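Single-letter residue listing:
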Amino acid sequence: MSPVAPFDVLRCGLGGSALVEASAGTGKTWNLCGLYLRLLLERDLGVQQLLVVTFTKAATAELRDRIRSRLFEALACLRQGAAAADPFVTDLLQMLRDERGLDDATMVQRIDLALQCFDEAAIFTIHGFCQRALADTPFSAQLPFVLEMVQDD
């Protein structure tokens, strides 16, 4: 069996769905934050168009905080013209300028909009996402309008 190449969040494809699965402490959250920022900037997707699902409420809260922090870091880098604390952000912004022809004003606008709408970001636990999906489509799911999530009995 050949060794698996390391995941390159700066250069990987952004099409389709992606499953990020790895052991604890391997950088999943860091990579997800990078993918999220790339999708917002490169694909001009809004936070309402992205779905991030993880296992626990604690992981969801951490992921939400770290994505928001990454957005603020990129915004500060663009507005102040200084290098970001995370070299990925500086490298991403430079790549987007050089290879995608994005200007700083466009990137600032996209990040500003994402931060304004960030409370609408779909970052859920698996159970939370399922509950939201069922609540959003009660007719299709043939369920009552009000559902109560019960703990494991």
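## Some words on the side chain of aspartate 86
If you trace the backbone, aspartate 86 turns up in the loop between α2 (57-80) and α3 (87-100). Judged by its relative accessible area of 14%, aspartate 86 falls in the buried class. In contact with aspartate 86, not counting residues within four places along its chain, are Trp30, Arg70 and Glu73.

## Digging into the packing of helix α1 (residues 28-42) against α3
Packed helix pairs are characterised by how far apart their axes lie and by the angle those axes make with each other. At a closest axis distance of 11 Å, the pairing of α1 and α3 adopts a crossing angle of 30°. What the angle tells us is that α1 and α3 run roughly parallel. The interaxial crossing formed by α1 with α3 has right-handed handedness. Contacts between α1 and α3 pair Trp30, Gly34, Leu37, Arg38, Leu41 and Glu42 from the former with Phe88, Leu92, Leu93, Met95, Leu96 and Arg100 from the latter. Among the residues making up the contact of α1 with α3, the classes are represented as eight nonpolar, one polar and three charged.

What counts as what
Residues numbered from 1 in each chain as written. Predicted model: local features only at pLDDT ≥ 70, side-chain atom pairs only at ≥ 80, totals over all residues. Heavy atoms only, no water. Helix = DSSP H or I, 4+ residues; strand = E, 2+ residues; numbered from the N terminus. Buried < 20%, exposed > 50% of the residue type's maximum accessible area, 1.4 Å probe, protein only. Contact = heavy atoms within 4.5 Å. Axes fitted to C-alpha atoms, helices over the stretch in contact; angles between N-to-C directions. Parallel < 35°, antiparallel > 145°, perpendicular 65-115°, else oblique. Left-handed = near helix turned anticlockwise from the far one by under 90°. Nonpolar A, V, L, I, M, F, W, Y, C, P; charged D, E, K, R; others polar.

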